[in-house]
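Single-letter residue listing:
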Amino acid sequence: MARLGEKKLGLWQRLKRLALTDVGALARGLKADDLEQMERLLIEADFGVPATLDLVEFLEAEVRKGTLKTDVSLRDAVVDRLGMMLAPPTDHAELLRAASGPTIVLIVGVNGVGKTTSVAKLAHLLTQRGDRVLLAAADTYRAGAVAQLETWATRLGIDCVSGTSGGDPAAVAYDAVEAGIARKMDVVLIDTAGRLHTQDGLMAELGKVVRVIDKKLPGAPHEVLLVLDGTVGQNAVQQGKLFSKVVSPTGLIVTKLDGTARGGAVVALRRELEVPIKFVGTGEAVGDLAPFDARAWAEELFADG
Ligand SMILES: Nc1nc2c(ncn2[C@@H]2O[C@H](COP(=O)(O)OP(=O)(O)O)[C@@H](O)[C@H]2O)c(=O)[nH]1
Ligand SMILES: [Mg+2]
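Residues numbered from 1 in each chain as written. Chains lettered and ligands numbered in written order. Predicted model: local features only at pLDDT ≥ 70, side-chain atom pairs only at ≥ 80, totals over all residues.

1. Section: the overall build of the protein
- When its secondary structure is counted, the protein shows twelve helices and eight strands.
- The C-alpha atoms of the protein give a radius of gyration of 22 Å, which matches the 19 Å a tight globule of 305 residues would have.
- Burial status across the protein gives 44% buried among its 305 residues.
- Taking the contacts inside the protein whose residues are at least 6 apart along the sequence as the reference set, 75% of them involve residues at least 24 apart. (Helix = DSSP H or I, 4+ residues; strand = E, 2+ residues; numbered from the N terminus. Rg over C-alpha atoms; globule rule 2.2 N^0.38 Å. Buried ≥ 20, exposed ≤ 12 C-beta atoms within 10 Å, placed from the backbone. Contact = placed C-beta atoms within 7 Å.)

If you want it as structure tokens, here you go:
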């Protein structure tokens, strides 16, 4: 993993240095200065303000209680707390499924975050598990977007329902749901545009796509997965809030987390959006998508190395 300058030391090494500035620091209690530096460290690591305050207040309280006497107990406490913060809701399903018929999954997000790539990765993951998957290229706005998804479909050996460039994305989605039912597919993955002439236009269009899908197959889409770029920090949180107003995402795919250097954004997203993280993208290859594991992510962020 490439880290630069300050980032040469892992998050845990830097936190430990602050918490254990002298031998008695944990026993004596953390000073205001230590706490402030801890806050700065976590904010710089993209945790966002709410999660940072939560974590620092928790640590301060634990140190005051005298429960953290060694660096090992400090790390365990941080990882535990973070694991809880990142954990999905109790009714979490990796992918919500239709009771019968095809499960319709709509993929949304702004331009360039990795929607189309994530559709291909998800299709790969699902077909490997034995699902019959159909793709739908409903990004009719950008020239080349349909071809991009069709190329993936060919490579994966699966079918793709496409519209014409400049055509109506809701019509493509409708056709894909119809084809999914007729061809007895398990999952239909619908790729969408991330940019239109205006942001309001995009949101209106996505709202229409959702309504048309629900009309064709009541209760669908079963999942609306919002794709967010994990390297843009607080911008991703803002995008999440914007999309949440219009399409009620049921899950997040956080992309471009090829190293854990910027993995803190996942913490901010989980904390500041009421949506579970379902998958993380860790590279450009088709196999670089993994179901999100809260505990493993917490361990990785504060890895001792
Ligand atoms: N490093 C890395 N690049 C990614 C990841 N996901 C997507 N990309 C790249 O991001 C760029 C935009 O991806 P694309 O799927 O076309 O984005 P879209 O506009 O949202 O559909 C492409 O160059 C992808 O290869 C990821 O997890 N890691
Ligand atoms: Mg795309």
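2. Observations concerning the site of ligand 1
- Close to ligand 1 lie 17 residues; Gly114, Lys115, Thr116, Thr117 and Gly281 are nearest.
- Tallying contributions element by element places helix α6 (residues 115–128) first for the shell around ligand 1, with three residues.
- Of the residues contributing to the shell around ligand 1, the split by class is one nonpolar, eleven polar and five charged. (Near = placed C-beta within 6 Å. Nonpolar A, V, L, I, M, F, W, Y, C, P; charged D, E, K, R; others polar.)

3. Some thoughts on the domain arrangement of the protein
- The domains assigned to the protein are domain 1 (5–86) and domain 2 (103–293).
- Placing a centre on the C-alpha atoms of domain 1 and another on those of domain 2 gives a separation of 36 Å.
- Of the residues lining the interface, ten residues belong to domain 1; the matching set on domain 2 comes to 13 residues.
- Listing elements by their share of the side of domain 1 that touches domain 2, those giving two or more residues are α4 (49–65) and α5 (71–86).
- Per element, the largest residue contribution to the side of domain 1 that touches domain 2 is three residues, and it comes from α5.
- For the side of domain 1 that touches domain 2, a count of residues per class yields seven nonpolar, one polar and two charged. (Domains from an automatic or database assignment.)

4. Things to note about the nonpolar core
- Of all hydrophobic cores here, the largest spans 91 residues; its most connected members are Ala136, Ala173, Val188, Leu189 and Leu269.
- Looking at which domains feed residues into this core, each of domain 1 (5–86) and domain 2 (103–293) supplies at least three.
- Residues in contact with Leu189, not counting those within four places in the same chain, are Val105, Ile107, Val119, Leu122, Ala123, Val133, Leu135 and Ala136. (Core = buried A, V, L, I, M, F, W, Y, C linked by C-beta atoms within 7 Å.)

5. Here's the deal with the sheet that holds strand β4 (residues 187–192)
- Pairing in this open sheet of eight strands is mixed, and the strands run β3-β2-β4-β1-β5-β6-β7-β8 from one edge to the other. In the strand order of this sheet, the two ends are held by β3 (159–162) and β8 (289–291), each with one partner. When strand polarity is set aside, the average angle formed by the axes of neighbouring strands in this sheet is 25°.
- By the bridge criterion, three bridges tie strand β6 (residues 251–255) to strand β7 (residues 277–281) in an arrangement that is parallel. Looking at β7, one finds that Leu252 is bridged to Ile277. (Pairing = 2+ DSSP bridges. Axes fitted to C-alpha atoms, helices over the stretch in contact; angles between N-to-C directions.)

6. Some thoughts on the packing of helix α10 (residues 234–247) against helix α11 (residues 265–272)
- Relative orientation of the contacting elements α10 and α11 amounts to 30°, with a least axis distance of 9 Å. Taken together, α10 and α11 sit at an angle that is classed as roughly parallel. Of the two elements, α10 crosses α11, and the hand of that crossing is right-handed. Mapping the contact onto sequence places Gln234, Ala236, Val237 and Gly240 in α10 and Ala265, Ala268, Leu269 and Glu272 in α11. (Parallel < 35°, antiparallel > 145°, perpendicular 65-115°, else oblique. Left-handed = near helix turned anticlockwise from the far one by under 90°.)

7. Regarding the environment of Asp80
- Within the secondary structure, Asp80 is located in helix α5.
- The exposure class assigned to Asp80 is partly exposed, which follows from the 13 C-beta atoms found within 10 Å.

8. A word on helix α12 (residues 294–301)
- Where α12 is concerned, the buried positions are Trp297, Ala298 and Leu301. Taken end-on, α12 shows its buried residues confined to a sector of 100°, consistent with a single buried face.
- The inward-facing, buried residues of α12 abut α1 (11–19), α5 and α11. (Arc of directions from axis to C-beta.)

9. Quick notes on the pairing of β6
- Counted residue by residue, β6 has five buried out of five residues, so it is predominantly covered.
- The alternating pattern of β6 places Gly251, Ile253 and Thr255 on one face and Leu252 and Val254 on the opposite face, and all of these are buried.
- Sheet analysis places strand β5 (residues 223–229) next to β6, joined by five bridges and oriented parallel. Of the residues in β6, the one forming a bridge with Asp229 is Thr255.

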